[in-house]
Amino acid sequence: MFYRFHTQLEQKVLLLGIGILVTVSIGGIVEITPLYTIDSTIERVQGVRPYTPLELIGRNIYVREGCYACHSQMIRPFRDEVERYGHYSLAAESMYDHPFQWGSKRTGPDLARVGGKYSDEWHVAHMTDPRSVVPESVMPRFGFLLRTDLDVHDIADHLRANVAVGVPYDEAMIENAKADLAAQASVDGDHEGVLARYPKAAVGDFDGQPRRLTEMDAMIAYLQILGRMVDFTAVRPEDLRQ
């Protein structure tokens, strides 16, 4: 009987279309309705903040150079990944990323917790000649970042653009964007002001060229903050389910 009904249903285009619409509607309601019963689909975690102007430019360079094609920024909740990389990734860590850098393609290691793992000098050497520090690496050289001065003329507008998509940069951050960018990559800059607006930011001469502000400075500043905003020793699983 069911076979006969199904055969008739397939032969009647209008009836089949109505059946598909009803099925898809039910599925959509089941998936969408729960979203209206919670405040947010992203768990709130203390410590997550917008990127500093220098980190933000570094992230743009990271995306521009296609680093995401070989490195994910998503530690999955499996024992082997947690033991190798650290605490599994939380959605809140990427809440200010446009676009986020999650994924599972790894020609190289995951970078979600790379911040503070290596020194600035190591990163410069690795970017300039990857095989000088990792002999088996297949990563291309990015030494040109050391020779490319950073374009910072529109950094305040860049922060305003991020505000438009929900990143909570305030007026003080926008007003001090260019100064904070220069100070973060300087040995004797206003680190106190930078850290007051952007806690835990790495500061100093990242690329070993104190008289220049280069794309290498920005790239390393970005890498050095990855995974360092959240204090995972204070994160409890039960808090994330609230």
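Residues numbered from 1 in each chain as written. Predicted model: local features only at pLDDT ≥ 70, side-chain atom pairs only at ≥ 80, totals over all residues. Heavy atoms only, no water.

Here's the deal with the nonpolar core
Then step 1. Ranked by internal contacts, the top residues of the largest apolar core, which has 50 residues, are Leu 54, Ile 57, Leu 150, Leu 159, Tyr 169, Met 219 and Leu 223.
Then step 2. Per-element accounting of this core gives the leading share, 8 residues, to helix H11 (residues 215–225).
Then step 3. The contacts of Ile 57, once residues within four sequence positions are left out, are Leu 150, Asp 151, Val 152, Ile 155, Leu 181 and Ala 218. (Core = buried A, V, L, I, M, F, W, Y, C linked by side-chain atoms within 4.5 Å. Buried < 20%, exposed > 50% of the residue type's maximum accessible area, 1.4 Å probe, protein only. Helix = DSSP H or I, 4+ residues; strand = E, 2+ residues; numbered from the N terminus. Contact = heavy atoms within 4.5 Å.)

Considering the confidence of the model for the protein
Then step 1. The predicted model of the protein has a mean per-residue pLDDT of 90, with 94% of residues at 70 or higher.
Then step 2. Across the protein, H11 holds the top mean pLDDT of 98, while helix H12 (residues 237–240) sits lowest at 55. (pLDDT = per-residue confidence, 0-100.)

So, the packing of helix H3 (residues 53–64) against helix H9 (residues 177–184)
Then step 1. Two numbers describe how H3 lies on H9: the axes approach to 7 Å, and their chain directions differ by 80°. If you check the angle between H3 and H9, you find them roughly perpendicular. Side by side, H3 and H9 meet where Pro 53, Leu 54, Glu 55 and Ile 57 of the first sit next to Ala 177, Asp 180, Leu 181 and Gln 184 of the second.
Then step 2. Here the contact of H3 with H9 is built from residues that sort into 5 nonpolar, 1 polar and 2 charged. (Axes fitted to C-alpha atoms, helices over the stretch in contact; angles between N-to-C directions. Parallel < 35°, antiparallel > 145°, perpendicular 65-115°, else oblique. Nonpolar A, V, L, I, M, F, W, Y, C, P; charged D, E, K, R; others polar.)

Looking at a nonpolar patch on the surface
Then step 1. Side chains of Leu 14, Ile 18, Val 22, Ile 26 and Val 30 sit close together on the surface and give an oily, nonpolar patch of about 500 Å² of accessible area.
Then step 2. Within the secondary structure, Leu 14 is located in helix H2 (residues 13–32).
Then step 3. Classification of Leu 14 as exposed rests on a relative accessible area of 68%. (Patch = residues over 30% accessible without salt bridge, like charges linked within 9 Å, V, L, I, M, F, W, Y side chains within 5 Å. Areas by Shrake-Rupley, 256 points an atom, 1.4 Å probe, with all protein chains shown as cover. Salt bridge = Lys/Arg side-chain N within 4 Å of Asp/Glu carboxyl O.)

Section: empty space enclosed by the protein
Then step 1. All told, the structure shown has 1 cavity of 30 Å³ or more when counted by the stated rule.
Then step 2. Volume-wise, the largest cavity comes out at about 220 Å³.
Then step 3. As for the largest cavity, its lining consists of 20 residues, and the residues nearest its centre are Tyr 51, Glu 93, Ser 94, Leu 226 and Gly 227.
Then step 4. A class-by-class count of the residues in the lining of the largest cavity yields 11 nonpolar, 4 polar and 5 charged. (1 Å grid on protein atoms, 1.4 Å probe; cavity = no way out; pocket = protein on both sides within 12 Å on 5 of 7 lines; lining within 4 Å. Points joined across faces, edges and corners; volume = space filled by probe spheres on them.)

A short note on the side chain of Ser 94
Then step 1. Of note, Ser 94 is situated in the loop between helix H4 (79–85) and helix H5 (120–128).
Then step 2. Looking at Ser 94, the relative accessible area reads 14%, which means it is buried.
Then step 3. Side chain to side chain, Ser 94 and Trp 102 meet in a polar contact 2.7 Å long.
Then step 4. Residues within four places of Ser 94 in sequence aside, it is in contact with Phe 100 and Trp 102. (Polar contact = N/O pair within 3.5 Å; in protein donor to acceptor, adjacent residues only side chain to side chain.)

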